[in-house]
Amino acid sequence: MMQKKIAAGLAVLLAAGTILGGCGESGAAGNDSVSDAAGNEAAALTEAKTTPYGRYPETITYTLAKMTGVNNSNLPEGETYEDNAYTRLIREIINVQNEDVYENYGDTYNVGISTMIATGNIADIMVVDQKTMNAMQKNDQLADLTEVYANCASDRIKDIYASYGEEILQGCTFDGKLMAFPETNISDGPNLLWVRKDWMEKLGLSVPETIDDVKHIALTFAEENPANQEMGNIGLAVSTTLYGGTGISSEYGMNLIFASFGAYPGRWLTDAEGMPVYGSVQPNVKDALGMLADWYQEGVLDRDFLIRTQDDIAELIAQGRCGIFFAPWWAPNNPLWRCHETDPEADWQPFLIRTGKDGSVRYCNEKLTGNYVVVRKGYEYPEIVPKILSVMFDYMRYSYDDPRGEFQQYYTGNIDPTARPLAINLDYNQALTICYENLQAALNGEKSEDELEILERSFEKVCRAYLENPKTASAEEWSAYLSRITACSLLSDEKIQRVNTIYPTRTKTTETYRYTLKELESETFLKIIRGESELSSFDDFVKEWQEEGGDEIIQEMIQERKSLSSQENQKTEEKAEQKAE
C-alpha cells in the first residue's frame, strides 16, 4: 500500500517535471527537485522501517484486534480507542494509526480472537494468550519478528526485557526466531497485612510481625471492634479462592499463612531432583489447612467467608466491620479508596509479616508474562510493533514532556491501561522499587521533577500534596502516598525471598483435567476449613488428584522438561562447534 502511494506521488511529480521541461534550464532544475523529493521520501521510509523512532513519510494504518476495558477504559468523554492521548502521540512520533476491526474485553475477547483465527480473517496485529500464540505458530500464521526487534526496539525496551532474564523472550522464540513480543509482569512482592492502626492503638495492640500476631489482632478485632459492635464484626477477611492463583497475588488470600508452613498451593514447583511437583498436594499444605480450620472455629477467620464476594468484603471494610486483611501493595486503590472516602479518619497501615523462623518472608514469584503481541504472517510493516512499544514505554515515559498534561491526567484520573492500542504493559522487573526510590528522592529534594519519568512525576505531585496536609488529603492523594511510598517501602526488605515457580505450557492433557482437579481441590480445602470434613480427607484428596489426571499431567511435564533440556544441550553444542570453527 505504501509503495503504491509513493509510486503514484512520483508519477504526478514526474508529469509536472515534463511540462516544465519545455522552459529551458528551469526544466532541469524541476527534474532535480523531483529526484531529490523521491530520494528524501525513500530515505525517510528506510529510516522508519529500520529505527525505533523513524517517522513514516505517509501514515501507516494497521488493522487491530483491540483488547478493551470495561466502561470504555474510563477514557475522557469524546475519546475512543482509535483517538486518544496514546494513539495521537504514536501518530505524532512515528505516523502510525490503528484501525480497530474487533473490540472486546475479558473472555469474550478471546472467543472473538479464536473465531478470527478459525476463519482466517486475522487482523494485522493482535494481543493473544500463550495458548493462542503457540497454535498460530504451529499453523504458520505468525510473522518472524527477530530482525525488527533488533532494529526497531529501543535500547531501553531491550533493557526492560533483559531485567527478566533470557526466559521471557525464549518463551516466544521458536527455532531461533522471535515470533511475538511478550508483556511483562512486574514483581508485586509478597502480600502485606493491611490493618486499622487506629483500632490497634485503642485496643493496646502491638505492631504485627508474625502469623501469631495476625491471629491475635484478628480475634481481638472480631470480639472488641471499637467502631461497629452493633452490626456484627468479622476477623480476618478471606477470599473463597484461599490463595492467589498462578501468576498473581490475591486480595484476601491466605498465601502467607500457607507460606509459614513452607506450603505453596496452586503453584508448580520443582523437587530436589529438579522435577515438577504440584504445590497443593504436598504434605505441608495439610498442616496449614489444619491451622486455618482451627482459626475458623475460633472466629479468627470470617465465619461467613464462603458466601462473600470480593465486593461484599469491600463493603464490610467500608462499613467499619472489618479491620484486617491480606492484599498486595496496591490495596489503597482497591478496596481502601472507598473506605477513605466514607471514613477519612480510618488509619489503614501495611505491615510485612514474617513467614519463617529466621525472619524471612517467602512468596512465589509471578509469571513473567501473560499475553503476547503477534503480527500476522505476510503483513508489510511488522516493525511497527517494536516502534509502538518504544514510543509507549520508552519515549513517552522517559523523554516526552507531556506539554498538554494529557498523560498525567490519565494517570491521576484512573484511565485503564487498556486504553493503549496494544493493551499490554512493559516495565522493569523491579519497577516498584525503582519508582519508590525515585519518588522518595524527589520528595526529599534529592531529585528534581525533570529527572522523573512521566508516571513518577504524576505520583510525585499527589504524594507531595498529601504530605502538605495529610488530614485534608483527597482519596487520590491518600491512596497514592500509602501505596507508592508507605507500602512499597516495605518491599525492599532484605529478608524477602522469592520461591521459584515453574509455568508449564498448557497441553491437551492439562486442558482435559485441570478444571476437574481444581474443583476437587477447592471443595476439599473449603470443607476442611469449615469443619465439614476431617483433616485426614486431605490424604484422600491427594490420592484422587493423582488418579484423576494429576500423575498424567506430571509425567507429561517431565517429558516436556527433558525435551527442552535436550534442545538446550544441542544448542550449546552447536555454539561450541561454531566457536571452534
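Report follows, based on the coordinates. Please read these numbers as outputs of a predicted model, since none were measured by experiment.

**Section: the overall build of the protein**
A tally of helices and strands in the protein yields 21 helices and 14 strands. Sorting the 581 residues of the protein into buried and exposed places 50% on the buried side. A separation of at least 24 residues holds for 75% of the contacts in the protein among residues at least 6 apart in sequence. If you sum the accessible surface of the protein, you get close to 27,300 Å²; carbon and sulfur atoms cover 47% of it.

**Details of the state of the cysteines**
By the definition in use, this model includes zero disulfides. Summary of cysteine pairing: Cys339 is not part of a disulfide, and the nearest cysteine sulfur, belonging to Cys322, is at 9.6 Å.

**Comments concerning the environment of Met133**
Within the secondary structure, Met133 is located in helix H5 (residues 130-138). According to the relative accessible area criterion, Met133 is buried, its value standing at 0%. Met133 sits 238 residues away from Asn371 along the chain, and the two C-alpha atoms are 8.9 Å apart. Excluding anything up to four places from it in sequence, Met133 contacts Val128, Leu142, Gly171, Cys172, Phe174, Ala180, Tyr372 and Val374.

**Description of the sheet that holds strand S3 (residues 125-129)**
Strand order across the open sheet formed by five strands is S2-S1-S3-S13-S6, with mixed pairing between neighbours. The open sheet has two edge strands with one neighbour each: strand S2 (96-104) and strand S6 (181-182).

**Some points on the environment of Asn72**
Locating Asn72 in the fold gives a position in the loop between strand S1 (60-67) and helix H3 (85-94). Between the alpha carbons of Asn72 and Ala419 there is a distance of 7.8 Å; along the sequence they are 347 residues apart. If we skip the residues at most four places from it in the chain, Asn72 touches Glu79 and Tyr81.

**Digging into the pattern of salt bridges**
As enumerated under the stated definition, the model contains 21 salt bridges in all. Across the pair Asp83 and Arg88 runs a salt bridge whose closest N-O atoms are separated by 3.0 Å. Here Asp83 falls in the partly exposed class, since its relative accessible area comes to 34%. Between Arg354 and Asp493 there is a salt bridge, and its shortest N-O distance comes to 3.0 Å. Remark: Asp493 occurs in the loop between helix H19 (475-487) and strand S14 (496-499) and Arg354 occurs in the loop between strand S11 (348-351) and strand S12 (361-364); sequence separation between them is 139 residues. The class of Asp493 is partly exposed, set by a relative accessible area of 24%.

**Observations regarding a negative patch on the surface**
Where like charges cluster on the molecular surface, the negative patch consists of Asp540, Glu544, Glu547, Glu548 and Asp551. Looking at the secondary structure, you find Asp540 in helix H21 (residues 537-580).

**Quick word on the sheet that holds strand S10 (residues 324-327)**
Read from one edge of the open sheet, three strands run S10-S7-S11, paired in antiparallel fashion. Each of the sheet's edge strands pairs with one partner strand only, and the pair in question is S10 and S11. Sheet twist, expressed as the mean angle between neighbouring strand axes with direction ignored, is 30°. With four bridges joining them, strand S7 (residues 192-196) and S11 adopt antiparallel strand pairing.

**Considering the environment of Pro76**
Examined against the element boundaries, Pro76 turns out to sit in the loop between S1 and H3. For the pair formed by Pro76 and Gln409, sequence separation is 333 residues and the distance between their alpha carbons is 9.6 Å. Non-local contacts of Pro76, meaning those with residues more than four positions away in its chain, are made with Gln409, Tyr410 and Ile415.

**Re the packing of helix H18 (residues 454-468) against H19**
One can describe the packing of H18 onto H19 by two numbers: an axis separation of 8 Å at closest approach and a directional angle of 105°. Classified by the interaxial angle, the pair formed by H18 and H19 is roughly perpendicular. Taken together, the residues of H19 that come into contact with H18 (itself represented by Phe459, Val462, Cys463, Ala465, Tyr466 and Leu467) are Glu476, Glu477, Trp478, Ala480, Tyr481, Arg484 and Ile485. When the residues that make up the contact of H18 with H19 are grouped by side-chain class, the tally is 10 nonpolar, no polar and three charged.

**Observations concerning the packing of aromatic side chains**
Evaluation of the coordinates by the stated rule reveals 23 aromatic pairs. Ring centres of Tyr243 and Phe258 lie 6.0 Å apart, and the angle between their planes is 90°; this geometry places the pair in the edge-to-face category. On the criterion of sequence distance, the pair formed by Tyr243 in the loop between helix H10 (211-224) and helix H11 (255-259) and Phe258 in helix H11 is long-range, its members being 15 residues apart. The class for Tyr243 is buried, based on a relative accessible area of 6%. With relative accessibility at 0%, the residue Phe258 sits in the buried group. Between the aromatic rings of Tyr296 and Phe305, the centroid separation amounts to 6.1 Å while the plane-to-plane angle is 80°, which identifies the pairing as edge-to-face. The buried category is assigned to Phe305, whose relative accessible area is 0%. Site record: aromatic cluster; members linked through ring pairs are Tyr53, Tyr86, Tyr395, Tyr400, Phe407 and Tyr410. The positively charged end of Lys158 is found above the aromatic ring belonging to Tyr149, 5.8 Å away from the centroid. Above the ring of Tyr296, the side-chain terminus of Arg303 is found at 4.6 Å from the ring centroid.

**A few points about the nonpolar core**
As a rule of thumb, soluble globular proteins bury nonpolar side chains together. Ranked by internal contacts, the top residues of the largest apolar core, which has 168 residues, are Met126, Trp194, Leu236, Trp295, Phe325 and Leu389. Membership of the second largest hydrophobic core comes to six residues, among which are Ala259, Leu269, Val277 and Cys364.

**Here's the deal with the side chain of Asp198**
The residue Asp198 is located in helix H9 (residues 197-203) in this model. A polar contact is formed between the side chain of Asp198 and the side chain of Arg196, at a distance of 2.7 Å.

**Comments concerning unusual backbone geometry**
The amide bond that connects Asn334 to the next residue, Pro335, takes the cis arrangement and shows omega of 20°. Turning to its location among the elements, Pro335 is positioned in the loop between S10 and helix H14 (336-342). Of note in the backbone geometry, Asn71 takes a positive phi value of approximately 55° without being a glycine. Looking at the secondary structure, you find Asn71 in the loop between S1 and H3. With a relative accessible area of 60%, Asn71 lands in the exposed category. Positive phi outside glycine occurs at Leu242, with the angle close to 70°. As for its position among the elements, Leu242 is in the loop between H10 and H11.

**Quick word on the side chain of Asp427**
Within the secondary structure, Asp427 sits in the loop between helix H16 (406-412) and helix H17 (431-443). The class of Asp427 is buried, set by a relative accessible area of 11%. Engagement of the side chain of Asp427 in a polar contact is seen with the side chain of Arg397, the distance being 3.4 Å. Contacts of Asp427, omitting those with residues within four sequence positions, involve Ile160, Tyr164, Thr184, Ile186, Arg397 and Tyr398.

Cut-off values and rules
- Counting of residues starts from 1 at the beginning of each chain's written sequence and follows it residue by residue.
- The predicted origin of the model limits local features to residues at a pLDDT of at least 70 and limits the giving and counting of side-chain atom pairs to 80 or more, whereas totals for whole chains, interfaces and linings rest on all residues.
- The side-chain figures draw on all heavy atoms in the structure; neither hydrogens nor water molecules are used.
- Segments assigned H or I by DSSP are reported as helices when at least four residues long, segments assigned E as strands when at least two residues long, and all are numbered from the N terminus.
- Exposure is judged per residue with a 1.4 Å probe applied to protein chains only, and the accessible area is read against the type maximum: over 50% gives exposed, under 20% gives buried, and values in between give partly exposed.
- A contact between two residues is defined here by any heavy atoms of the two lying within 4.5 Å.
- Residue exposure ignores everything except the shown protein chains as possible cover, and the areas themselves are Shrake-Rupley values with a 1.4 Å probe.
- The term disulfide is used for any two cysteine sulfur atoms that are within 2.5 Å.
- Two strands qualify as a pair provided DSSP detects at least 2 bridges between them.
- For salt bridges, the criterion is a side-chain nitrogen of Lys or Arg within 4 Å of an Asp or Glu carboxyl oxygen.
- Like charges are joined within 9 Å and nonpolar side chains (Val, Leu, Ile, Met, Phe, Trp, Tyr) within 5 Å, but only among residues with over 30% relative accessible area and no salt bridge; these make up the patches.
- We count Lys and Arg on the positive side and Asp and Glu on the negative side, and we leave His and both chain ends out.
- Charge positions come from single atoms, namely NZ of Lys, CZ of Arg, CG of Asp or CD of Glu.
- Geometry is summarised by axes, namely lines fitted to C-alpha atoms with helices restricted to the contacting stretch, and by angles between N-to-C directions that run from 0 to 180 degrees.
- Relative orientations are named as follows: roughly parallel for angles under 35 degrees, roughly antiparallel for angles over 145 degrees, roughly perpendicular for angles from 65 to 115 degrees, and oblique for any other angle.
- Under the scheme applied, nonpolar residues are Ala, Val, Leu, Ile, Met, Phe, Trp, Tyr, Cys and Pro; charged residues are Asp, Glu, Lys and Arg; polar residues are all the others, including Gly.
- We call Phe, Tyr and Trp rings a pair once their centres come within 6.5 Å, taking the six-membered ring for Trp, and we label the pair stacked below 30 degrees between planes, edge-to-face above 60, and tilted otherwise.
- Two conditions define a charge sitting above a ring: the NZ of Lys or the CZ of Arg must be within 6 Å of the ring centre, and it must be within 35 degrees of the ring normal.
- The criterion is simple. A nonpolar core is a set of buried Ala, Val, Leu, Ile, Met, Phe, Trp, Tyr and Cys residues joined through side-chain atoms within 4.5 Å.
- The term polar contact refers here to a pair of N or O atoms within 3.5 Å; inside protein, the definition further demands a hydrogen-donor-capable atom paired with an acceptor-capable atom, and it admits residues adjacent in sequence only when both atoms are side-chain atoms.

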